[in-house]
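Chain and residue survey
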Amino acid sequence: MLKLIMYIKIIISLFITITLISCSSYDNKLKISTTNWIGYTPLIYAKEKGWLKELNIELVMASSLAENMNLYASGNSDAYLGTQHEYNILAKKYDSLKPIMIFDRSNGGDLIMSNTSIKELQNTQKDIDAYLEIDSINYDLLKDFIKSYNLENKTINYINEEQVQIEFLDSKDMKNPTIIVTYVPFNLTLEKNGFSKIISTKESLDIFIVDAMFTKMDILYKHKKQFMELKKVVDKSIENLKQNPKEFYKKVKPYMNNITFNEFQSMQEDIWWLNKELSPIIKNRLNKMNFPSRDII
Amino acid sequence: MRLSVKKFISICIIAVALVSFFSFSHFYISNQNKTASVIYKSIKSDMNEITYHISKEIKYKEDLYKFRTLIDRMVAIDDFIKAIVIQDNKEILLSTDPHYKKILPNDFNYKEKETSEYEKLLSQKTLEDDIKFYIENTNKSVTMQLLIVIDKEEVLLYFGKKESDFLLYFILIPTVLVLFIWLSIDFFIIKPLEKLRQYAYYQNKVPKSFLVKELETIRYSMVQTYNRLDDEKKELFIMARTDSLSGLANKNSLNEYVERLIATSSRHKKEFAFLFLDLDHFKIVNDSLGHNIGDELLKNISSIITQVLRANDFVARIGGDEFAIIIHEYKSLMELTIIIERIQDRLSKTHLIQTNPIDITSSIGVSFYPKDGEDISSLMKHSDIAMYEAKALGRSRYHFYTNELNERVQRNIKLDKDMRLALTNNEYQLFYQPKIDITNGTIIGAEALIRWISPSKGIISPDIFIPLAEENAFIKDLGHWVLNEAIKQQRLFKEKGLDICISINVSSKQLSDENFILNFINTLEANKVNPKMIDIEITEYMFFEQNENNYKVLKELHDYGVSISLDDFGTGYSSLSYIKKFPIDNLKIDKVFMDDYNTYSGAIFIDTIVKMGQTLNMKIIAEGVEEKEQIEYLKKINCDMYQGYYESKPLEVKAFESKYIKKIVN
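Let us look at the structure shown here. (Residues numbered from 1 in each chain as written. Chains lettered and ligands numbered in written order. Predicted model: local features only at pLDDT ≥ 70, side-chain atom pairs only at ≥ 80, totals over all residues. Heavy atoms only, no water.)

**Concerning the overall build of chain B**
Heads up, the condition is: Numbering of helices and strands starts at the N terminus; helices are DSSP runs of H or I of at least 4 residues and strands are runs of E of at least 2. A 1.4 Å probe rolled over the protein chains alone gives each residue an accessible area, and that area as a share of the maximum for its type sets the label: buried under 20%, exposed over 50%, partly exposed in between. Note on areas: these come from Shrake-Rupley sampling with a 1.4 Å probe, and a residue is covered only by the protein chains present in the view.
Counting its regular elements, chain B contains 22 helices and 20 strands. Sorting the 666 residues of chain B into buried and exposed places 47% on the buried side. For chain B, the accessible area works out to roughly 35700 Å², and carbon and sulfur atoms hold 55% of it.

Laid out in structure tokens, this is it:
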């Protein structure tokens, strides 16, 4: 009888040991895809600090919001970052897709640039070339702009490009009046290439752009502990940004097309961080957009 | 060399385990290589795709930025790719990971032919391919390198998981399974087999039911077989020791029994009787009525003998009409002869066999262990001789092997018969010996003593017939007569003016009669005798035999008013605790002590007894007083009473009355 009990104990111990070993971190890795939008830099900062590795979280860089969305849709990430536009598109496909973490709202970070002025755009008889990521918030921004400035009767050529390609457009090469819908930091290179900002989310545009992390509920439950810790890490990153922006800048700089510190600082003014408790106004705005905020960590 | 089932199964399991382990290991390593090969080829394929695509699409080096999305996507999709870097000989042109700032060197860490795919995947840091294109509208070619940085951590993690999975699913779980199978085999097969082996060998403990059908079948069959063997063994044992006709023990059994009894009797120094019983004229019955009637008669006789005998007696049929009977644990020869006579008496009654009334007698020869033989053959021979002697003397009788014993037994039988007849014929008389108060010489009591006045033999001393009466329980009837007579006599004496206490001797056997007290009291009341005028004399033997019962009876009588005297004090089994316990009123000093009164030591004994008795509040009576000097001595030591020839021998009633009633009157 004692022998039998001993055998059973050995078996159970081995079983537990191997089961624990086999339930390795490989199974529990959380992949989050993002772009290098200023509002997502806390994640890039956390990655560079090694905090994401501790949580078994891998950050995958995408070249654009649309590409980011596609990566998620094709199953190459467990959660993705984007605006409400990217959420609405995939929410139609996935019932359980929800925003789980809000990072910021655009306050000039999303902008429209041009090789001409708004007035000239309003008066021109030529076709207007519009460069944008059609499958992103760019489109909503452009729609809002066209409506706001009565450009509905104009012929607009929609040219769908990734921001990494849009970034290298040169105003000298443009034959037509050109509208470029972009966001920081890609505007900096465009400015150097002769384009100027004509409008942004800071000014009179009615559009409210919010940046968040999205995932399906089953993923949230599966990686709940990681997401909770990630939230703390994001808050900590933003806190570090406020406390020591230079240090923050050095970490994220390689991902930001090597912008200068001053450029980086000016970008901070293009967003409002929303990682803390949402104000009633913001909540109200989100509700109007039908942006679910129930599962937000 | 033979292997046990356990070892055999262990070897099989170990062999299977080893083979499985090596197979699984081979499978695992092979699988690992295949997986590594697939990963490697996949990365290579992706690399080829990218290089091809870029080579075909790009026109100028500056346009490389357009392919940023492509390489970003590739890194995002493929977990095993850490980064993709496009470089020329001078600088990095495009990279998915901004940490790569300097151009990456060529990776010569592996030798392609000598390592497995898995080792290659682990050792190789980068995969490299060339992007070659021609500048638009020229024939000038530009070559760039595309390097894919393998994510080692991911590879290790992936294969580590595979390894853990392998260990779990191909090592641990099978081990657990094998262990479970081993334990199951051990529990359900090996242990039951061992139990069966033990059972086959020792047949002592029947194993409980097994769960495995085949083993249970074997167990059941074995149990049935062994039970059957046991039964047959018992049957054979009985058959080997039983006479098939009568059902009695046979000679084999007799031999065994007697051997054992001889051993026991020798150890305890006891005797037993060996009886040889032969039916008289049995052949005539067989010849005249047939063997079947003869057989039936024998069965009947066997049954009768068994019924007559006591539980611990033994009977065996050793021949056609011959039986051997062993009787032990008898108290006396008398008891033995009673048993023998009972057997013969029952056998001599008419037997009705299939409507044939048959009268048959038996002759019995008796020998004793150890005096007539110390082994079975001599006992049987001598009892056989005795049996023939019985037949010679006329059959239907018994005869002992030794003549002297024979005569003694015959004498006792006659005496027993005469004793009983004497009671019927009023041949007994009570004589009375007076008890005298030492201080004043007056008669204060008398002891009733039985005498047998035989018309043919004259006076027969109680020494002759009392012991036999005690032996054959006639003492109860005799004692009852004595009591009645003595109590009646007390009344008669009183009516004549002599109101004295009559002492009556009572034996332990009388007290064992459950009606004794009732009869005693009834007799007292019938004769209107004061119980204080009756004294019961008991001997020390009464303390020894049936102690508790005797005590109860004596206590009851004492409480009723009867006094108790302890006769022949000092000659038997006294202990002071008994004297303390039993309700003794008087101590009678035996004549043996009185004869020695004039010696120093003798006087001390008497003195001690007297003082002890006085201290215990008992009266002391000296017996066997024959000299005046003895009386003087007794007076000196304050003895209370005396009895003996000095005063008077035991007298019959008339003589007693004439001596003592006149005295009182005077």
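Okay, back to it.
**Section: the pattern of salt bridges**
For clarity, the threshold we go by: Salt bridges, as used here, are contacts in which a Lys or Arg side-chain nitrogen is within 4 Å of a carboxyl oxygen on Asp or Glu.
The tally for this structure, following the rule as stated, stands at 44 salt bridges over all chains. Ionic pairing is found between R73 of chain B and E67 of chain A, a salt bridge with its closest N-O pair at 2.7 Å. Taken as a pair, R73 of chain B in helix 2 (residues 68-77) and E67 of chain A in helix 4 (residues 65-73) lie in two separate chains rather than in one. Taking relative accessible area as the criterion, R73 of chain B reaches 25% and is therefore assigned partly exposed. Linked by salt bridges that have partners in common, K435, E447, D535, E537, K588 and E623 of chain B make up one network.

**As for the packing of aromatic side chains**
Any two aromatic rings considered together are summarised by their centre-to-centre distance and by the angle between their planes. Where we set the bar: Stacked, tilted and edge-to-face are the three classes assigned to paired rings of Phe, Tyr and Trp, where Trp is represented by its six-membered ring and a pair needs centres within 6.5 Å; plane angles under 30 degrees give stacked, over 60 edge-to-face, the rest tilted. Lysine and arginine charges are scored as sitting over a ring when NZ or CZ, respectively, is within 6 Å of the ring centre and within 35 degrees of the ring normal.
Evaluation of the coordinates by the stated rule reveals 46 aromatic pairs over all chains. Ring centres 5.6 Å apart and planes at 65° place the aromatic pair F21 of chain B and F22 of chain B in the edge-to-face group. Between F80 of chain B and Y158 of chain B, the ring centres sit 5.3 Å apart and the planes meet at 85°, which makes this aromatic pair edge-to-face. With a gap of 78 residues between them, F80 of chain B in the loop between helix 2 and strand 1 (81-87) and Y158 of chain B in helix 4 (residues 152-202) connect regions that are remote in the sequence. The residues F80 of chain B and Y158 of chain B share a single accessibility class, namely buried. Site record: aromatic cluster; members linked through ring pairs are Y45, W51, F248, Y249, F261 and F264 of chain A. Here the basic side chain of K246 of chain A rests over the ring of F261 of chain A, its NZ or CZ set 5.2 Å away from the ring centre.

**Concerning the nonpolar core**
Defined as follows: As used here, the term nonpolar core means buried Ala, Val, Leu, Ile, Met, Phe, Trp, Tyr and Cys residues forming a set that is joined through side-chain atoms within 4.5 Å. Domain start and end points were adopted from an automatic or database domain assignment. Contact criterion: two residues are considered in contact whenever any of their non-hydrogen atoms come within 4.5 Å of each other.
Membership of the largest hydrophobic core comes to 115 residues, with the highest contact counts inside it found for I305, Y428, I502, I606, L634 and F656 of chain B. Of the residues forming this core, the biggest block, nine residues, is contributed by helix 13 (residues 474-495) of chain B. A domain split of this core shows at least three residues from each of domain 3 (242-401) and domain 4 (422-665) of chain B. Setting aside anything within four residues of it in sequence, one finds F656 of chain B in contact with Y432, Q433, P434, I443, A446, F493, L498, I500, L651 and I661 of chain B. Counting residues in hydrophobic clusters, the runner-up holds 66 residues, among them I146, I219, V234 and I271 of chain A.

**Some remarks on the packing of helix 7 (residues 282-289) of chain B against helix 8 (residues 291-308) of chain B**
For any two helices packed against each other, the geometry comes down to the angle between their axes and how far apart the axes lie. Residue and element names in this part refer to chain B. We apply this condition: Fitted lines through C-alpha atoms serve as axes, helices being fitted only where they are in contact, and the angles separating the N-to-C directions of these axes extend from 0 to 180 degrees. When describing relative orientation, an angle under 35 degrees is termed roughly parallel and one over 145 degrees roughly antiparallel, while 65 to 115 degrees is termed roughly perpendicular and anything else oblique. Asp, Glu, Lys and Arg are counted as charged, while Ala, Val, Leu, Ile, Met, Phe, Trp, Tyr, Cys and Pro are counted as nonpolar; the rest, among them Gly, fall into the polar class.
It is the contact of helix 7 with helix 8, at a shortest axis distance of 6 Å, that shows an interaxial angle of 135°. Here helix 7 is positioned oblique relative to helix 8, judged by the angle of their axes. Note on element contacts: helix 8 touches helix 7 through H291, N292, I293, G294, L297 and L298, opposite F282, V285, N286 and L289. Residue composition of the contact of helix 7 with helix 8, grouped by class: six nonpolar, four polar and no charged.

**As for the sheet that holds strand 2 (residues 92-95) of chain B**
The strands making up a sheet associate through hydrogen bonds between their backbones, and the pairing can be parallel or antiparallel. Residues and elements named next belong to chain B. Heads up, the condition is: One bridge is not enough; two strands pair if DSSP finds at least two bridges between them.
Taken in spatial order, the four strands make up an open sheet running 2-1-4-3, and their pairing is antiparallel. The outermost strands of the open sheet, each flanked by one partner alone, are strand 2 and strand 3 (126-134). Geometrically, the sheet is characterised by an average inter-axis angle of 25° between neighbouring strands, direction not taken into account. Sheet topology places strand 1 next to strand 4 (residues 141-150); six bridges connect them, and they run antiparallel. Bridge pairing in strand 4 links I84 to I148. Sitting on the sheet, helix 2 touches strand 1 and strand 2, and the angle it makes with strand 1 is about 155°.

**Examining unusual backbone geometry**
Residue P185 of chain A follows V184 of chain A across a cis peptide bond; omega there is 10°. The topology assignment puts P185 of chain A in the loop between strand 8 (178-183) and helix 9 (186-192). Of note, the amide linkage connecting Y369 of chain B to P370 of chain B takes the cis form, showing an omega dihedral of 0°. With respect to the helices, strands and loops of the structure, P370 of chain B is situated in the loop between strand 10 (362-369) and helix 10 (376-392). Although it is not a glycine, N56 of chain A adopts a positive phi angle of roughly 60°. In this structure, N56 of chain A sits in the loop between helix 3 (51-54) and strand 2 (57-61). By relative accessible area, which is 18% here, N56 of chain A ends up buried. You will see that T355 of chain B, though not glycine, has its phi angle at about 70°, which is positive. Looking at the element boundaries, T355 of chain B is found in the loop between strand 8 (351-353) and strand 9 (356-358).

**A closer look at the interface of chain A and chain B**
The criterion, for reference: Polar contact is defined as a pair of N or O atoms within 3.5 Å, subject to the rule that within protein one atom must be able to donate a hydrogen and the other to accept it, and that residues adjacent in sequence are counted only when both atoms are side-chain atoms.
In this assembly, 33 residues from chain A lie in contact with 28 residues from chain B. For the pair chain A and chain B, the interface holds four salt bridges. Here K53 of chain A ties to E153 of chain B by a salt bridge, and the two come within 2.8 Å at their closest N and O atoms. On the surface where chain A and chain B come into contact, there are eight residue pairs in polar contact (both at pLDDT 80 or more). Elements with a contribution of two residues or more to the side of chain A that touches chain B: helix 1 (2-22), strand 2, helix 4 and helix 8 (163-166) of chain A.

**What about empty space enclosed by the protein?**
Residue and element names in this part refer to chain A. Formally: A cavity here means a set of 1 Å grid points, computed over protein atoms only, where a 1.4 Å probe fits but cannot escape. A pocket is an open set with protein on both sides within 12 Å along at least 5 of 7 lines, and lining residues have an atom within 4 Å of a point. Grid points are joined across faces, edges and corners, and a volume is the space filled by probe spheres set on the points.
Under the counting rule described, the total for this entry stands at one cavity of 30 Å³ or more. Its boundaries defined by the atoms lining it, the largest cavity holds a volume of some 30 Å³. Taken together, W37, Y40, L65, T83, D110, Y183 and D211 make up the full set of residues lining the largest cavity. Classifying every residue of the lining of the largest cavity by side-chain character gives four nonpolar, one polar and two charged.

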